[in-house]
Amino acid sequence: MAKRFLIAVLSVILFATIFSWFSFVPSSQREPNVYYFDFLETFMFVIIYAGPIYLIIGVPLSIFIDKLIKKANRTSKWARYFVGLGLYSLAGILVGMLFVIFSKHIHLLEVISFSIYGFVASNIYYHLLLLASRINI
């Protein structure tokens, strides 16, 4: 359980870094009289919003998904990997969609973009969890 929380913290930091990097607009491309978040501001907002989602929703879902993978009884490492990849991706997409629905901003583009964010966030967690298991953390 402690390993999953550590992986969740590392995942949210990595996700916030990637999100902030993609969202950053260089000074040379900014419109005048328009406020743009800098890298650190975006990073902090992502930590504030994604951190609790990773810890409160992601960790229990991860435990549930791993139990499902064990029940599937796949003998091949690749089969287990792809089953896990599919389940973690689906969970991330659903959590992203639910985040938009509960925030009462149901616009198709927002649902799609938050589903993509959830997909990326869950795959970061899944692959860091696999890496941690591989190096015996």
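A brief look at the structure comes next. Computed from a prediction, not measured in an experiment: that's the story for all the values here. (Residues numbered from 1 in each chain as written. Predicted model: local features only at pLDDT ≥ 70, side-chain atom pairs only at ≥ 80, totals over all residues. Heavy atoms only, no water.)

### Some thoughts on helix α2 (residues 39-72)
Taking 1.5 Å per residue, 34 residues should reach 50 Å; α2 reaches only 42 Å between its end C-alpha atoms and comes up short. Along α2, the helix axis deviates most sharply at G58, where the bend reaches about 40 degrees; the proline P60 sits within four residues downstream. Every buried residue of α2 is accounted for by T42, F43, V46, A50, G51, Y54, V59, S62, I65, D66 and I69. For α2, the secondary structure elements touched by its buried residues are α1 (2-23), α3 (77-102) and α4 (108-134). At the C-terminal side of α2, N73 shows a positive phi close to 55 degrees. (Helix = DSSP H or I, 4+ residues; strand = E, 2+ residues; numbered from the N terminus. Expected span 1.5 Å × (residues − 1). Bend = angle between axes of the 7 residues up to and from the residue. Buried < 20%, exposed > 50% of the residue type's maximum accessible area, 1.4 Å probe, protein only. Contact = heavy atoms within 4.5 Å.)

### Considerations on the pattern of salt bridges
Tallying each qualifying case throughout the model produces 1 salt bridge. For R4, the salt bridge identified is with D66, shortest N-O distance 2.7 Å. Remark: D66 occurs in helix α2 and R4 occurs in helix α1; sequence separation between them is 62 residues. Here the two residues R4 and D66 agree in accessibility, since each one is buried. (Salt bridge = Lys/Arg side-chain N within 4 Å of Asp/Glu carboxyl O.)

### Some remarks on the nonpolar core
Within the largest apolar cluster, 22 residues are counted, with the highest numbers of intra-cluster contacts made by I7, F15, A50, Y54, Y88 and Y125. Every element with two or more residues in this core is listed here: α1, α2, α3 and α4. Ignoring anything within four residues of it in the chain, the contact list for Y125 reads R4, I7, A8, S11, Y54, V59, S62 and Y88. (Core = buried A, V, L, I, M, F, W, Y, C linked by side-chain atoms within 4.5 Å.)

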